[in-house]
Structure formats: C-alpha cells, structure tokens
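Each chain is listed here by its residues.
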Amino acid sequence: QVQLVESGGGLVQAGGSLRLSCAASGRTFGSYTMGWFRQAPGKEREFVAGITRNGARKYYGDSVKGRFTISRDNAKNTVLLQMNSLKPDDTAVYYCAADLNGLRVSALLRAYDYWGQGTQVTVSS
C-alpha cells in the first residue's frame, strides 16, 4: 500500500508561481514512476508531468511545457511540481500518482496504481 499526500495548493494571481509537493509512503519510492495530473471542473483528468524512477527523464503535457518543472528527491520520498507563469486555465485540482511497475512515464490514468487526494490550485485573472 502506498499513500500519497499532496500539499502546496492555493490561490495565486495570473503570472504567479506555486510549488506543489507530494509525499509518499513506502520504502521503495525510488522504484516508482511518478506523475502529476489535474482535473478542472467539468473536464477530464489530464496528464501534467511525469518523471522516471531516477529522475533522469521528465515529460510534460503540451499546455504546461516551459512553465512547469517536475522533480523528485528519492531520499525524502517526495516529488515536486514547480509551476511558474500560472494562467487562469491552470485552475484545477492537482493529483500526484505512482506507477509501481512503469519503466517509462505514461500519460494514461490507468497506468497509475495509487493516487493522492488532490490539492486545489486557483489562478485568478
């Protein structure tokens, strides 16, 4: 069983920044591929960013490329999402997710085995 707890969400003005954090339980965090997803009201959950087990490779959704950065610290069982140049369209609940078996980052929801409860990000115009 893996528990994921997100934090760092909040209200920010357009153009501002936020850093989300996801703390994971488990002794084998370094073996999980990790991802961030988001879901806006009335929309499907979408892939935001993903990172391989050792952090060597990172992938981003088209809408956040160049603005968001994913990173991880396996010693602290933590994955971060630095969000810069935020836009009102970034408003959503953000979820982190763990893929226990992935060798590569997947943008598909069904690839992930565990999910956090989500943290709200609201960007005002």
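Before reading further, recall that the structure is shown in the block above.
Residues numbered from 1 in each chain as written. Predicted model: local features only at pLDDT ≥ 70, side-chain atom pairs only at ≥ 80, totals over all residues. Heavy atoms only, no water.

J.: How should I be thinking about the overall build of the protein chain in this particular structure?
T.: For the protein chain, the count of helices and strands is 0 helices and 11 strands. Across the protein chain, helices and strands are ordered from the amino to the carboxyl terminus as β-β-β-β-β-β-β-β-β-β-β. For 125 residues, the compact-globule estimate of 2.2 N^0.38 gives 14 Å, and the protein chain sits close to it at 13 Å. Taken along its principal axes, the extent of the C-alpha atoms in the protein chain is 40 × 25 × 25 Å. Going through the 125 residues of the protein chain one by one, you find that 45% of them count as buried. Considering only intrachain contacts with a sequence separation of at least 6, the fraction spanning at least 24 residues in the protein chain is 59%. With the model as given, the accessible surface of the protein chain reaches about 6,600 Å², and the carbon-plus-sulfur share is 46%. (Helix = DSSP H or I, 4+ residues; strand = E, 2+ residues; numbered from the N terminus. Rg over C-alpha atoms; globule rule 2.2 N^0.38 Å. Buried < 20%, exposed > 50% of the residue type's maximum accessible area, 1.4 Å probe, protein only. Contact = heavy atoms within 4.5 Å. Areas by Shrake-Rupley, 256 points an atom, 1.4 Å probe, with all protein chains shown as cover.)

J.: I keep staring at the sheet that holds strand β7 (residues 68-73) and nothing clicks. Help me out?
T.: The strands making up a sheet associate through backbone hydrogen bonding, with each pair oriented either parallel or antiparallel. An order of β1-β3-β8-β7 is seen for the 4 strands of this open sheet, with the pairing classed as antiparallel. Edge strands, defined here as strands with exactly one partner in the open sheet, are β1 (4-7) and β7. Averaged over neighbouring strand pairs, the angle between their axes works out to 15 degrees when direction is ignored. For strand β3 (residues 18-24) and strand β8 (residues 78-83), the ladder comprises 6 bridges, and the chain directions are antiparallel. Paired with Cys22 across the strands is Val79, a residue of β8. (Pairing = 2+ DSSP bridges. Axes fitted to C-alpha atoms, helices over the stretch in contact; angles between N-to-C directions.)

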